[in-house]
Amino acid sequence: MLIRLLYQGLLKPMLLLGLSLLLVGCNDFNVRNLAKSDVDMIVDLHLAELNQLNRQLLIKLYKRNPRELKKHPGNTIESRLRQVKLPPPGQQPNYRFAELDNRVGEAALRLAFDADFRGDRVFALVVGIKSMLHASYSMKTELFLLDELNQQLLYNSARNLEIANWRLNNFRNNKGQLLLLSNGYQDGIANLSFERLFGKMILIQDMMAKVVADRNNRTINTVVHSVASTTFLPIPF
């Protein structure tokens, strides 16, 4: 088990978890964690990391594309963050918004890159990513020992992130302008912070897909695809 965790790069999160428990003290220890396996604890850590990465993505995209925020007067970055914030454990989040025609997952992602869409593309993209990732974890905010994950959904979501990242850097309007600004150059130095955010999310999803497949003795149906021509893979809700 130890060798496997070292190989898959999962030992560090487990050590961080143990250190955190020591730092906060026994009074803050949640007894519900006693019902969790090592893998389930790692899933919770990765869910928290995905939420943080999505938060960073929303903030950075609005700073690069302030025009998108202005499409709905009165909205702020803080109000948008509240709209996509996860509710407390046991409550289901609401990812359906009238301004996006109640689209979620890959449907919201397609909307973000639709040249005819006149709404907030940043919001559509973040809602699409966050709802898709949450669906890949069976729409749960925390996972327990008996909960089962689907390795194929985790894998599919990683491929969808690759496609979304490619579209972010390549999809343009009829004037040849990028639909959304992300990576760029400043004083001749490349700013690839968006690539790093997407890379971290892809890594988490691919790693979790392999962990779940290994734990449940299942296989992943991998696909050979070109991000330039492939449509988003299905993630059911």
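See the structure shown above.
Rules behind the numbers
- Residues numbered from 1 in each chain as written.
- Predicted model: local features only at pLDDT ≥ 70, side-chain atom pairs only at ≥ 80, totals over all residues.
- Heavy atoms only, no water.
- Helix = DSSP H or I, 4+ residues; strand = E, 2+ residues; numbered from the N terminus.
- Expected span 1.5 Å × (residues − 1).
- Buried < 20%, exposed > 50% of the residue type's maximum accessible area, 1.4 Å probe, protein only.
- Polar contact = N/O pair within 3.5 Å; in protein donor to acceptor, adjacent residues only side chain to side chain.
- Contact = heavy atoms within 4.5 Å.
- Salt bridge = Lys/Arg side-chain N within 4 Å of Asp/Glu carboxyl O.

Let's talk about helix α8 (residues 151-170)
- An ideal rise of 1.5 Å per residue puts 28 Å on 20 residues; α8 measures up with 29 Å between its terminal C-alpha atoms.
- For α8, the tally of buried residues reaches 16 of 20 residues, placing the bulk of the element in the interior.
- For α8, the N-terminal cap is Asn150; the gap from its side-chain oxygen to the backbone nitrogen of Gln152 is 2.8 Å.

Re unusual backbone geometry
- Positive phi is not limited to glycine here, since Asp101 has a value of about 55 degrees.
- Among the structural elements, Asp101 can be located in the loop between α5 (77-83) and α6 (105-112).
- One non-glycine residue with positive phi stands out, namely Met139, at about 60 degrees.
- Position of Met139 among the secondary structure elements: in the loop between α7 (121-136) and α8.
- Relative accessible area serves as the criterion here: at 18%, Met139 is assigned to the buried category.

Some remarks on the side chain of Asn65
- Mapped onto the elements, Asn65 comes out in the loop between α3 (38-64) and α4 (66-69).
- Taking relative accessible area as the criterion, Asn65 reaches 0% and is therefore assigned buried.
- Excluding residues that lie within four positions of it along the chain, Asn65 makes contacts with Val122, Leu180 and Leu181.

Here's the deal with the pattern of salt bridges
- Inspection of the entire model under this criterion finds 7 salt bridges.
- Here Arg80 makes a salt bridge to Glu99, at a shortest N to O gap of 2.8 Å. Of the two residues, Arg80 sits in helix α5 while Glu99 sits in the loop between α5 and α6, which places them 19 residues apart along the sequence.
- Given a relative accessible area of 0%, Arg80 falls into the buried group.
- Given a relative accessible area of 25%, Glu99 falls into the partly exposed group.
- Across the pair Arg103 and Asp101 runs a salt bridge whose closest N-O atoms are separated by 3.9 Å.

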